[in-house]
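Below, each chain spelled out in residue letters.
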Amino acid sequence: MKQKKNTSALNEIEGVIQPETISPKAAQNIQQFRRKNISSEELISKILLGDKVALSRAITLVESTNPIHLEKANEVINGCLPFANKSIRIGITGVPGVGKSTFIEAFGKYLTNLGKKVAVLAIDPSSSLSHGSILGDKTRMEELVKDENAYIRPSASGDSLGGVARKTREAIILCEACGFDTIIIETVGVGQSETAVHSMVDFFLLLKIAGAGDELQGIKRGIMEMADVIVINKADGDNIKKANLAKVEFNRALHLFPTKSSGWNPKVTTCSAITNEGISAIWEILTDYIDLTKGNGFFQEKREEQNQYWMLETINEYLKNQFYHNPTIEKALIDTKQKVIAHHLSPFAGAMELLQLYNSLFILNKE
Ligand code: GDP
């Protein structure tokens, strides 16, 4: 049928055909995943083949609060475990604005150019409130996101650092089974999250920028002590001189710390995440560290210790959740808190009263 020519100004003209944002094949895969209730076995085999869609799906299961999802997540993790562990895990921390995402983009691209497969995960316990202050917005790491050999996952959300850390820890296993040989865990340099990251990585990198002679102020001693390398970023343009001065000062400060049990002397270096100057030197420092610690057995020892630590942490987290989410305890806690505030009970006696009440619930249940 011949169509009447529509000359109305309100009519939309036909534009150019827009290219697909993702390949039709990938879109089809995603569709299939969404539609199908994929089994754990199928997820495991796809992850082992390097399928990033399956990897994302498994991490989503790990992050779920639904007990059925968690059961499935555990099956997938167990299936992946024999294929995990073969990677270098790097922790990166620094205060907001220091250049973490710019640095990870530059470093990540450097590594993928070397033929590495890089996964970037994040620990940001505030993300459930701020909807992801790190790795949250899509504009970060634009180049790395598009790299076929990179995988970037924003921080899991959760009501406690312990919860977020557990999810990230399990995501590491899944990424490794999926073939990623370099895992970068990013965290914001505030609060306790550095300790959590430190307890799941082989190498810890502290990112800094040069200030005006006050380099050592405002950094918590503990964070400096954890660092295997301190990288002074933004060493470009007028900043180069200041960055070099900062390097001298940090080096001097590091000498005051006791020798690490790894046998490694922490290094200080400068770089520019924008010009890429100094990026390759960081990789060299990292490989020196790995060679040393694999040679003296520390690398393996640390991983074994970390595994034990995470088992105990998981038990602690589980017990805490069981206790605080128990309806009887929830109610009694309000009363007991009031008694402690009013000095009718000491904090210790209050705690014992609640713990005894909790124990008695199980004795009653048994009978
Ligand atoms: P983050 O909050 O730690 O992730 O920091 P960003 O990566 O978002 O960087 C904060 C700002 O510093 C951005 O405007 C970056 O462009 C800038 N920046 C990051 N790295 C460098 C660098 O090496 N040199 C210079 N001159 N600017 C940088």
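Position numbers for residues count from 1 along each chain, tracking the sequence in the order it is written. Local features in this predicted model are restricted to residues whose pLDDT is 70 or higher, and side-chain atom pairs enter the listing and the counts only when it is 80 or higher, whereas totals over whole chains, interfaces and linings include all residues. Computation of side-chain values: all heavy atoms of the structure, hydrogens and water removed.

Asks: Help me out: how do you make sense of the sheet that holds strand β5 (residues 203-209) in this one?
Replies: In sheet architecture, strand pairing relies on hydrogen bonds along the backbone and comes in two forms, parallel and antiparallel. Pairing between strands is defined by DSSP: at least two bridges between them are needed. Under the scheme used here, helices are H or I runs from DSSP no shorter than 4 residues and strands are E runs no shorter than 2 residues, and both carry numbers assigned from the N terminus. Spatial strand order, β3-β2-β4-β1-β5-β6-β7: seven strands in an open sheet with parallel pairing. In this open sheet, the two edge strands, each paired with only one partner strand, are β3 (150-152) and β7 (267-270). Along the sheet, successive strands turn relative to each other by an average axial angle of 20 degrees, direction set aside. As defined by bridge partners, strand β1 (residues 88-94) adjoins β5 across four bridges and the pair is classed as parallel. Looking across to β5, one finds that G91 is bridged to F204. Working rule for contacts: check all heavy atoms of both residues, and any pair within 4.5 Å makes them a contact. Note on geometry: axes are C-alpha line fits, over the in-contact stretch for helices, and angles between N-to-C directions span 0 to 180 degrees. Where helix α11 (residues 240-254) meets the sheet, its contacts fall on β5, β6 (229-233) and β7, and the angle it forms with β7 comes to roughly 175 degrees.

Asks: Hey, could you run me through the environment of K302 in this one?
Replies: Mapping K302 onto the fold places it in helix α13 (residues 298-324). The classification of residues rests on relative accessible area computed with a 1.4 Å probe and restricted to protein chains. Under 20% of the type maximum is buried, over 50% is exposed, and intermediate values are partly exposed. We classify K302 as buried; its relative accessible area is 12%. With 101 residues separating them along the chain, K302 and V201 place their C-alpha atoms 9.1 Å apart. With near-sequence residues (within four places) excluded, K302 lies in contact with H198, V201, D202 and Y289.

Asks: Quick question: what am I supposed to make of empty space enclosed by the protein here?
Replies: Regions of empty space are outlined by a rolling probe, equal in size to a water molecule, passed over the atoms. Both cavities and pockets are sets of points on a 1 Å grid over the protein atoms alone; in a cavity a 1.4 Å probe fits but cannot get out, in a pocket the set is open with protein on both sides within 12 Å along at least five of seven lines, and lining residues sit with an atom within 4 Å of a point. Grid points are joined across faces, edges and corners, and a volume is the space filled by probe spheres set on the points. Per the stated rule, a full pass over the model turns up two cavities of 30 Å³ or more. Its volume calculated, the largest cavity comes out at about 60 Å³. Considering the residues around the largest cavity, the lining is formed by I59, E63, L121, A122, R153, P154, S155, A156, V164, K167, T168 and A171. Where the lining of the largest cavity is concerned, the elements lending two or more residues are α3 (52-63), β2 (118-123) and α8 (161-177). Considering each element in turn, the lining of the largest cavity owes the most residues, four residues, to α8. By residue class, the composition of the lining of the largest cavity is seven nonpolar, two polar and three charged. In this structure, the second largest cavity encloses a volume near 40 Å³. Gly counts as polar in this scheme, as do all residues outside two lists: the nonpolar Ala, Val, Leu, Ile, Met, Phe, Trp, Tyr, Cys and Pro, and the charged Asp, Glu, Lys and Arg.

Asks: Please explain a nonpolar patch on the surface as it appears in this structure.
Replies: Each patch groups residues whose relative accessible area exceeds 30% and which form no salt bridge, using 9 Å between like charges and 5 Å between nonpolar side chains of Val, Leu, Ile, Met, Phe, Trp and Tyr. Where accessible areas are quoted, they stem from the Shrake-Rupley method and a 1.4 Å probe; at the residue level, only the protein chains shown are allowed to cover. Note on definitions: salt bridges are taken to be side-chain nitrogens of Lys or Arg within 4 Å of carboxyl oxygens of Asp or Glu. A cluster of nonpolar side chains, M311, L312, I315, Y318 and L319, forms an exposed patch at the surface whose accessible area comes to about 530 Å². In this structure, Y318 sits in helix α13. What makes Y318 exposed here is its relative accessible area of 52%.

Asks: Got a minute to help me understand the confidence of the model for the protein chain in this structure?
Replies: Any segment with low pLDDT has predicted coordinates that should not be analysed in fine detail. Per-residue confidence for the protein chain averages 85 on the pLDDT scale, and 81% of its residues sit at or above 70. Across the protein chain, the element-wise mean pLDDT spans from 52 in helix α6 (residues 127-130) up to 97 in helix α12 (residues 279-295). What pLDDT reports is the predictor's confidence in each residue, on a scale of 0 through 100.

Asks: Explain the side chain of T270 to me, please; I cannot follow it from the model alone.
Replies: On the secondary structure map, T270 appears in strand β7. Filtering out sequence-adjacent residues up to four positions away, T270 remains in contact with I232, A235, A243, N244, K247, E277 and G278.

Asks: Honestly, the packing of α3 against α8 in this entry has me stumped. Any pointers?
Replies: Axis angle and axis distance: for two packed helices, these are the angle between their axes and the distance between the axes, and together they describe the pair. The contact between α3 and α8 brings their axes to 10 Å, and the two run at 155 degrees. In terms of their interaxial angle, α3 and α8 are classed as roughly antiparallel. Of the two elements, α3 crosses α8, and the hand of that crossing is right-handed. Touching L55, A58, I59, V62 and E63 of α3 are R166, K167, E170, A171, L174 and C175, all from α8. Partitioned by chemical class, the residues of the contact of α3 with α8 number seven nonpolar, no polar and four charged. Angle categories are assigned with fixed cut-offs, so that under 35 degrees is roughly parallel, over 145 is roughly antiparallel, 65 to 115 is roughly perpendicular, and the rest are oblique. By convention, the crossing between two helices is left-handed when the near helix turns anticlockwise from the far helix through less than a right angle, and right-handed when the turn is clockwise.

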